[in-house]
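Understanding the architecture of this molecule
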Amino acid sequence: MEEIEAKIKTLREELERHNYNYYVLSNPTISDREFDRMMKTLQVLEEEYPEYADPHSPTQRVGSDLSKEFEQVVHKYPMLSLGNTYSEEEVRDFYERIARDLNEPFEIVAELKYDGTSISLIYQKGRLVRAVTRGDGTRGDDVTANVKTIRSVPLKLMSAGYPAEFEIRGEILLPWAEFDRLNKEREEQEEPLFANPRNAASGTLKQQNPTIVAARKLDAYFYYLLGEELPADTHYDNLEAARKWGFKIPDVIRKCDTLQDIYDYIAYWDTERKNLPVATDGIVLKVNSLRQQKNLGFTAKSPRWAIAYKFQAERAVTRLNSVSFQVGRTGTVTPVANLEPVLLAGTTVKRASLHNADIIEGLDLHLGDMVYVEKGGEIIPKIVGVDMDARSMLLGAKVCFIRICPECGTPLVRPEGEAAHYCPNESGCPPQIKGRIEHFVTRKAMNINIGPETVEDLYNAGFVKNAADLYTLTLSDLLSLERWADKSARNLLASLEESKQVPFERVLYGLGIRYVGETVAKRLTSAFHSMEQLEQASFEDLIEVDEIGERIAKSITDYFADARNLTLISRLKEYGLQMSVDEETIANRSEKLKGLTIVISGTFNQHSRDEYKAMIEQHGGKNSGSVSGKTDYILAGANMGPAKLEKAAKLGVKIINEEEFLNMIAE
Ligand code: IVH
């Protein structure tokens, strides 16, 4: 028994050490595969010997399914905000005030101001006991279960010398790369996009399901230590100590002896911050000595010993010409501002997203207004305000959200609790009909050789109203259209014929069921081998499947409850599309590449890239587009890019050729 306990202990320690190497130091020393294997061993042991359970075990980072409202916790030390400055003069005012008030030499620590959501962690005896959001500054939400999923947050501290109890504050961030990935996924599903990484991070932290939080790969940087028995008497040295205990303390913090040092820091980071993996919106200046901090004290809202300097967001002023409302494939109505073209951060901006009705209302927009457009942490420029002084006597009409669909006249609906408006006329609203057909023909779905313009022509000519109609097109139909020559018409017909071989999972994806993206379609077809089985699956059957939650399950059962969809499917079946997983694919499935992440690079002789991609997935592996610490192999053909080659060498990723790969999956 003692042996088991010791083994569990060693595994936990080693896993935490590897977590730290990977997530805090960005310097892994073992492969992901080895890591996963150790984790699995620990999980099995913990299940078998529940008497050794420990809420701080690395296995707890995956998150449980436990769902509850958050408990409110009162902050021992209130979470204050910082005074903001926007110019070098204001920074000088701050500096001079400190010099006057202290009347002795002092140091300033300069740091970056991270643009995420703040968090306070409480450690007792070296263990994380609680994580609380800022809330109203006095009390916040207990989000411990969610924060535990963040790999760079130490659950147990390393090295010695930490106080028996202390608090550490920092920022939870969603790195740009994760933010882009998440939004791309949401765009595919026509879900509302996150406007910036900050909203995405705070939204994620408030998720009731820690498993979802774990999947989003948040990060956490720390910048403030509090407690009765801190190791040092300066802010800088305390952060250095915290770094040794395992916290991710940004290594860009600097001690400044003069105002010029501070200006240099600001000037450097104003441009250099664009190369960081996370969003920043300014710098923070703090008096280094804790004694001096205490002397300076606090106002009701913020410390007198610290201040934030905010970087200037790139902003322009231009005229609002009109607002249009676009209807997407799933009926979501998006308001878009049409602007007088203006140069902003190197690109000409003509349009800006207005997101939803609440945003329009909040801005009190009128046509002809001069509006401020910013490109801050956002991808799409946004309108942040109206220049009220520029409003003339001839005030344009107030911008209101429309009540009926601009495309089909159906009254719009706004589901309770949602910010978006939808057009409910799925079967009769042209952009929804065309949008579904456009989705059906895309490369990732049926790969039929036509673009949105052709779909438009075919729809306008009355030839296609849904995906099934495509398969009834004849040569004479196509030739009756303007601009269609014999060759392109025959090409389209051939492409339609070829699409009948497209595997079932892509047919399912092509139907465009809400929330059923490529990955979900794959999961579904592994669990249900035919359209018929899927159609008969109950809500309960569906949520049994890995990664299928209630929202997706409901969307699927709703889809199959609609007779029009059943007719569409039966027609597609009649025309010969694949409605089940083919026997060979099932027979050839294996788990030989389970847990392995493989990047494909270069050109190949024996199979196409898409075929290799399919093979990786068929054998349980994961295909990824870019080389990272998580890559196990690079399947390299001729002309592999030099950047990838260099990165692979640096990370020690193994490179294999076609033959080696085929051997790996051979019987
Ligand atoms: S120190 C009492 N340092 O900015 C001082 N805050 O407006 C506590 N922030 O709520 C804050 N980077 O969420 C500090 N390096 C940094 C920071 C930082 C970002 C955020 C934090 C805080 C807000 C203050």
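Okay, so let's go over this structure. (Residues numbered from 1 in each chain as written. Predicted model: local features only at pLDDT ≥ 70, side-chain atom pairs only at ≥ 80, totals over all residues. Heavy atoms only, no water.)

So, about the sheet that holds strand β7 (residues 165-173). Pairing in this open sheet of 4 strands is antiparallel, and the strands run β5-β4-β7-β8 from one edge to the other. Bordering the open sheet on either side are β5 (127-133) and β8 (219-226), each of which pairs with just one other strand. Going from strand to strand, the sheet's axes swing by 30° on average, the running direction of each strand aside. In this structure, strand β4 (residues 117-124) lies alongside β7, joined through 8 bridges in antiparallel fashion. (Pairing = 2+ DSSP bridges. Helix = DSSP H or I, 4+ residues; strand = E, 2+ residues; numbered from the N terminus. Axes fitted to C-alpha atoms, helices over the stretch in contact; angles between N-to-C directions.)

By the element assignment, F106 lies in the loop between α3 (88-102) and β3 (108-114). In this structure F106 comes out as buried when scored by relative accessible area, which is 14%. For the pair formed by F106 and I552, sequence separation is 446 residues and the distance between their alpha carbons is 58 Å. (Buried < 20%, exposed > 50% of the residue type's maximum accessible area, 1.4 Å probe, protein only.)

Let us look at helix α5 (residues 176-188). For α5, spanning 13 residues, the distance from its first C-alpha to its last is 18 Å, which sits close to the expected 18 Å at 1.5 Å a residue. Packing partners of the buried residues in α5 comprise α6 (197-205) and α7 (210-215). (Expected span 1.5 Å × (residues − 1). Contact = heavy atoms within 4.5 Å.)

On to the packing of helix α12 (residues 430-441) against helix α13 (residues 452-460). Viewed as axis vectors pointing N to C, α12 and α13 meet at an angle of 125°, and their least axial separation amounts to 10 Å. Between α12 and α13, the angle is such that the two are oblique. As α12 runs across α13, the sense of the crossing is right-handed. Two secondary-structure elements touch here, α12 through P430, I433, K434, I437 and E438 and α13 through P452, V455, E456 and Y459. (Parallel < 35°, antiparallel > 145°, perpendicular 65-115°, else oblique. Left-handed = near helix turned anticlockwise from the far one by under 90°.)

With 54 residues, the main nonpolar core has F440, I448, L470, Y471 and L524 as its most contacted residues. Those elements that provide at least two residues to this core are α12, α13, α15 (486-498), α16 (504-510), α17 (518-527), α18 (531-536), α20 (550-561) and α21 (563-574). By size, the runner-up hydrophobic cluster in this structure holds 36 residues, among which are I119, V153, A200 and A220. (Core = buried A, V, L, I, M, F, W, Y, C linked by side-chain atoms within 4.5 Å.)

We now examine the packing of helix α1 (residues 2-24) against helix α2 (residues 32-48). Contact geometry of α1 with α2 gives a least axis separation of 10 Å together with a crossing angle of 145°. Here α1 runs over α2; the crossing is left-handed. From α1, I4, K7, I8, L11, R12, E14, L15, H18, N19 and Y22 reach across to α2, where they touch D32, F35, M38, M39, T41, L42, L45 and E46.

Before going further, it helps to examine unusual backbone geometry. Residue R483 is not a glycine yet carries a positive backbone phi of 70°. Mapped onto the elements, R483 comes out in the loop between α14 (475-479) and α15.

What follows is about the site of the ligand. If you check the shell around the ligand, you find 13 residues, and the closest are E111, S118, E171, Y223 and K286. In the model, a nitrogen atom of the ligand is placed 3.0 Å from a nitrogen or oxygen of the K286 side chain. Taking 530 Å² as the accessible area of the ligand by itself, protein coverage stands at 90%. Those elements that provide at least two residues to the shell around the ligand are β3, β8 and β10 (280-287). (Near = heavy atom within 4 Å. Polar contact = N/O pair within 3.5 Å; in protein donor to acceptor, adjacent residues only side chain to side chain. Areas by Shrake-Rupley, 256 points an atom, 1.4 Å probe, with all protein chains shown as cover.)

Looking now at the side chain of E167. Position of E167 among the secondary structure elements: in strand β7. Take E167: its relative accessible area is 5%, and that puts it in the buried class. Within the local environment of E167, its side chain forms a polar contact with the side chain of S120, the two groups lying 2.6 Å apart. Separated by 3.0 Å, the side chains of E167 and R169 make a polar contact. If near-sequence neighbours (up to four positions away) are discounted, E167 is found in contact with K76, Y77, S120, L121, I122, Y224, L225 and L226.

Turning to the pattern of salt bridges, a few remarks are in order. Counted under the stated rule, the structure contains 34 salt bridges. Across the salt bridge formed by D115 and R198, the nearest N and O atoms sit 2.9 Å from each other. Linking D115 in the loop between β3 and β4 with R198 in helix α6, this pair joins segments that are 83 residues apart in sequence. You can call D115 buried: its relative accessible area is 17%. In this structure, the salt-bridge partner of R130 is D142, at a minimum N-O distance of 3.8 Å. Of the two residues, R130 is situated in strand β5 and D142 in the loop between β6 (139-141) and α4 (144-147); the sequence distance between them amounts to 12 residues. Salt bridges sharing common partners tie together E361, D364, D369, R391 and K398. (Salt bridge = Lys/Arg side-chain N within 4 Å of Asp/Glu carboxyl O.)

Below, the discussion takes up the environment of A242. Position of A242 relative to the elements: it lies in helix α8 (residues 235-245). Sequence separation between A242 and L635 is 393 residues, and the spatial gap between their C-alpha atoms is 41 Å. Setting aside its immediate chain neighbours within four residues, A242 contacts I168, F247 and I249.

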